[in-house]
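# Reading the structure
Residue-level listing of the chains:
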Amino acid sequence: MNHSNSQTIETYPTGFWNKLIYAGSKDIDDNHSKEKIILSNRITLLIVAGSFLLGLILLLQGNFEIIPTFILLIVLTPPVVFLNRKGKTDFSRVWLSAAIAISIYLGTIASKWAIKYELLKTSFITEEDFYIPMLLFVFASSLPCILIDVKKWKPLAITISIYIVCFCSYPAICNFLEVGVEKNEIFSDRFIWIYNLGIIFFFVIVLSFVFLQSLNNRFEIEIDQTLQKVKASNEILSSKKEEQETAYNELKNLSNRILLQTEQIEKQTNELNSIKERLLSQKSRLERKTNELENKRTELSKTNSLLENQNEEIKAGILFSKHIQEAALPSQGLFEKLFENYFIYFKPKDIVSGDFYFLQEIKGKIFLAVADCTGHGVPGALIAMIATNSLKRIINTFNDFTPSEILEATNKDIVNALNQENRDATNDGMDIALCIIEKKDSNTSIRFAGAKRSLLYSEEDKEDVKEISGARKSIGGFKKEKTKPFVTHNITLNAGSVLYLFTDGYTDQNNTVKKKLGVASFVKLLNSFQGEPFSTRKELLETSLIKHQGDMTQRDDIAIIGIQL
């Protein structure tokens, strides 16, 4: 809570008491408004504290007649501080004035009601018990005039109306309760005289405070206006003095700058003359260099035209290579002949691919493979053609071999073809997953061997996709030590089961935060396809990759084969 006259006292409880007194007062308020807020807070706190102490003393003495009034004052007046803190100062003053009147009114009536029904016992009821509350009304009637601005006639009228209602209805309520002096004779001459005098005194107090507050407000306004004028005059004089000092300093600085600039101009004139001479000599050199650059530009234009022609020829050759590579891949007709349901997701990174897939039927055996050769683009495609021819020749020649024997033979063939027996040879080769599929009665036998590639499969009516890992070595390349041979894995599946063969292009694709998809996520993705039609699984894979990839470019060739037995 901010107030210009408040003191910062951190000790408790004094600091807490000051916070309550200045609750609601702000630096932006005028002095008159601040004093009204502080006065209403102080009156509230004094009423609460006084009521508590007096009530405690009366309780100790055994006098319970005024206790209801003190209890009501303690309950009804504290909200004034809360209302001031919330900025509702006008309403808080109406509340304080009304709370005092209502507390006296209801407390006195409650005591008389309790006496009538012998809830409170008293030895004798005097006239003072009736007209003292009237005098308290008259005293409390000054509070609205003190706390509420005369200009705000609505809250003033509300509070005065509350006092008038309480003042006038009090005798009628006492009469209704049949409690009076000397057996219900409450309207004695003395009481009526005091009652009328109280009414006159009430209006005299109200009119006096209204007049005094109006006069005080007018004086405060005049004083504030005078202070504002004096303050404005002081600010004008201070600003003029600062302006004169600033102007003098600016003139002094301007004079110094003119002297410095004169010296700088003389130096710059001399420098410009020397620069002019250098520019003339540079001009002649630039003319010679311009002629040389023009000749070089003509030569570069001819070179660019030649490179463009060569680029078109290379591109045409690569496109032709693409047709050759596509012709070497198994046809759609062969897949349709051997499998009722299948999909091929083949997406080279460049025009031609280092990935390839293989399918051939010999003597009732179906040879199915997916391979990833070293590199991509033209280098990868050359290795892929060598590997395809090698694999096809070995299978046609040794079709009774197991998958592991076929991979061993292919490894030796590629090592010989690329001359990789010595250490200085290239380390190119391929990773491959190879299956031999044979139908036996109602089941299908699957024999699998892999070189750094796995086989994924799911059995009919089962949700989990399982994985068979291949050997941790590649086909081809120079090997320093002897490695473990390739291993053939045998499984038997029912009709309706699904096989997946894939390269690492799909699982190694990174997203915008350079995070790979990974084999685990790929398997989870295939699990989610279990209830989907087989014909839509390729599109689902494409959609999932696009969502994961975002704005990132394709990292490697992609090849995925899915077949349903």
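Residues numbered from 1 in each chain as written. Predicted model: local features only at pLDDT ≥ 70, side-chain atom pairs only at ≥ 80, totals over all residues. Heavy atoms only, no water.

### Quick word on the overall build of the protein chain
Note the cut-off: A run of H or I in DSSP counts as a helix once it spans at least four residues, and a run of E counts as a strand once it spans at least two, with each numbered from the N terminus. Exposed residues in this analysis have more than 50% of their type's maximum accessible area, buried residues have under 20%, and partly exposed residues fall in between, with area computed by a 1.4 Å probe over protein chains only.
Within the protein chain, the secondary structure is distributed over 14 helices and 10 strands. Counting the 565 residues in the protein chain, one finds 38% classified as buried.

### Section: the sheet that holds strand β5 (residues 443-451)
Test applied: At least two DSSP bridges between two strands are required for those strands to pair. For helices, the fitted axis covers only the stretch in contact; all axes are lines through C-alpha atoms, and the angles between them, taken along N-to-C directions, range from 0 to 180 degrees.
Spatial ordering of the open sheet is given by β2-β3-β4-β5-β8, a layout of 5 strands whose pairing is antiparallel. Each edge of the open sheet is held by one strand with a lone partner, namely β2 (355-362) and β8 (489-494). Across the sheet, the axes of successive neighbouring strands diverge by a mean angle of 20 degrees, strand direction being ignored. Bridge analysis of strand β3 (residues 365-373) against strand β4 (residues 430-440) gives 8 bridges, and the strand direction is antiparallel.

### Quick look at the pattern of salt bridges
Quick note on the threshold: The term salt bridge refers to a side-chain nitrogen of Lys or Arg lying within 4 Å of a carboxyl oxygen of Asp or Glu.
In total, this model carries 6 salt bridges according to the counting rule given. Here Glu294 and Arg297 are joined by a salt bridge, their closest N and O atoms 2.7 Å apart. Of this pair, Glu294 and Arg297 both sit in helix α9 (residues 189-328), 3 residues apart, which is roughly one turn of that helix. Of the residues examined, Glu294 reaches a relative accessible area of 39% and is grouped as partly exposed.

### Here we look at the packing of helix α11 (residues 377-397) against helix α12 (residues 403-417)
To keep it simple, the criterion reads: Should an angle fall under 35 degrees it is called roughly parallel, over 145 degrees roughly antiparallel, and 65 to 115 degrees roughly perpendicular, with every other angle called oblique. In this scheme, a crossing is called left-handed if the near helix is turned counterclockwise away from the far one by less than a right angle; it is called right-handed if the turn is clockwise. Any two residues whose heavy atoms approach within 4.5 Å at even a single point are treated as in contact. Put simply, Ala, Val, Leu, Ile, Met, Phe, Trp, Tyr, Cys and Pro go in the nonpolar bin, Asp, Glu, Lys and Arg in the charged bin, and everything else, Gly too, in the polar bin.
Between α11 and α12, the shortest axis-to-axis distance is 9 Å and the interhelical angle comes to 135 degrees. By the angle between their axes, α11 is oblique relative to α12. Here α11 runs over α12; the crossing is right-handed. Residues Ile386, Ala387, Ser390, Leu391, Arg393, Ile394 and Ile395 of α11 lie in contact with α12, whose contacting residues are Ile406, Ala409, Thr410, Asp413, Ile414 and Ala417. In the contact of α11 with α12, the residues fall into 9 nonpolar, 2 polar and 2 charged.

### Points about the packing of aromatic side chains
Let me state the cut-off plainly: Classification of ring pairs uses Phe, Tyr and Trp, with its six-membered ring standing for Trp, and accepts pairs whose centres are within 6.5 Å; under 30 degrees between planes counts as stacked, over 60 as edge-to-face, and the remaining range as tilted. Comment: the charge-over-ring label is applied if NZ (Lys) or CZ (Arg) is within 6 Å of the ring centre and within 35 degrees of the ring normal.
Inspection of every chain in the model, using the stated rule, returns 10 aromatic pairs. Between Tyr345 and Tyr506, the aromatic rings sit 6.1 Å apart at their centres with planes inclined by 75 degrees, giving edge-to-face as the arrangement. Here Tyr345 is found in strand β1 (residues 341-347), whereas its partner Tyr506 is found in the loop between β9 (498-502) and α13 (519-528), with 161 residues between them in sequence. Note on accessibility: Tyr345 and Tyr506 belong to one class, buried. Aromatic ring contacts, followed pair by pair, group Phe335, Phe339, Tyr342, Phe346 and Tyr357 into a single cluster. In this arrangement the basic side chain of Lys473 is found over the ring face of Phe486, its NZ or CZ atom lying 4.3 Å from the centre.

### Brief notes about the confidence of the model for the protein chain
Rules: pLDDT is a per-residue confidence score from the predictor, ranging from 0 to 100.
Averaged over every residue, the pLDDT of the protein chain is 78; the share at 70 or more is 75%. Residue range residues 1-10 is modelled with pLDDT below 50. Its contacts to residues more than four positions away, or to other chains, number 22 contacts. Low confidence marks residues 180-187, where pLDDT is under 50. Its contacts with residues over four positions away, or in another chain, come to 17 contacts.

### Things to note about a positive patch on the surface
What counts, and what does not: Residues forming no salt bridge and having over 30% relative accessible area are the ones grouped into patches, like charges within 9 Å of each other and nonpolar side chains (Val, Leu, Ile, Met, Phe, Trp, Tyr) within 5 Å. Throughout, the Shrake-Rupley method with a 1.4 Å probe supplies accessible areas, and for residues the shown protein chains are the sole cover considered. Note on charges: Lys and Arg go in the positive column, Asp and Glu in the negative column, and His and the chain ends are not counted at all. Throughout, a charge is located at the NZ atom of Lys, the CZ atom of Arg, the CG atom of Asp or the CD atom of Glu.
On the surface, Lys19, Arg85, Lys86 and Lys88 cluster together into a positively charged patch. In this fold, Lys88 is placed in the loop between α4 (79-85) and α5 (89-116).

### Some remarks on unusual backbone geometry
Glycine aside, the phi torsion of most residues is negative, and most peptide linkages are trans. Positive phi is not limited to glycine here, since Lys363 has a value of about 55 degrees. Within the fold, Lys363 resides in the loop between β2 and β3. Look at Lys452: it is not a glycine, yet its phi comes out positive at around 60 degrees. Take Lys452: it is sitting in the loop between β5 and β6 (455-458). Under the relative-accessibility criterion, Lys452 is labelled partly exposed at 46%.

### Some remarks on the nonpolar core
Applied cut-off: Throughout this description, the term nonpolar core refers to a set of buried Ala, Val, Leu, Ile, Met, Phe, Trp, Tyr and Cys residues connected via side-chain atoms within 4.5 Å.
Counting 52 residues, the largest nonpolar core has Phe335, Phe339, Phe356, Met430, Ile432, Ile437 and Leu499 as its most contacted members. Contacts of Phe339, omitting those with residues within four sequence positions, involve Leu359, Ile366, Ile437 and Ile563. Listed in part, the 19 residues of the second largest apolar core include Leu456, Val498, Phe502 and Phe534.

### Observations regarding the side chain of Asp556
Structurally, Asp556 can be placed in the loop between α14 (537-549) and β10 (558-564). Excluding its chain neighbours within four sequence positions, the residues that come into contact with Asp556 are Lys347, Lys349, Asp372, His376, Asp504 and Gly505.

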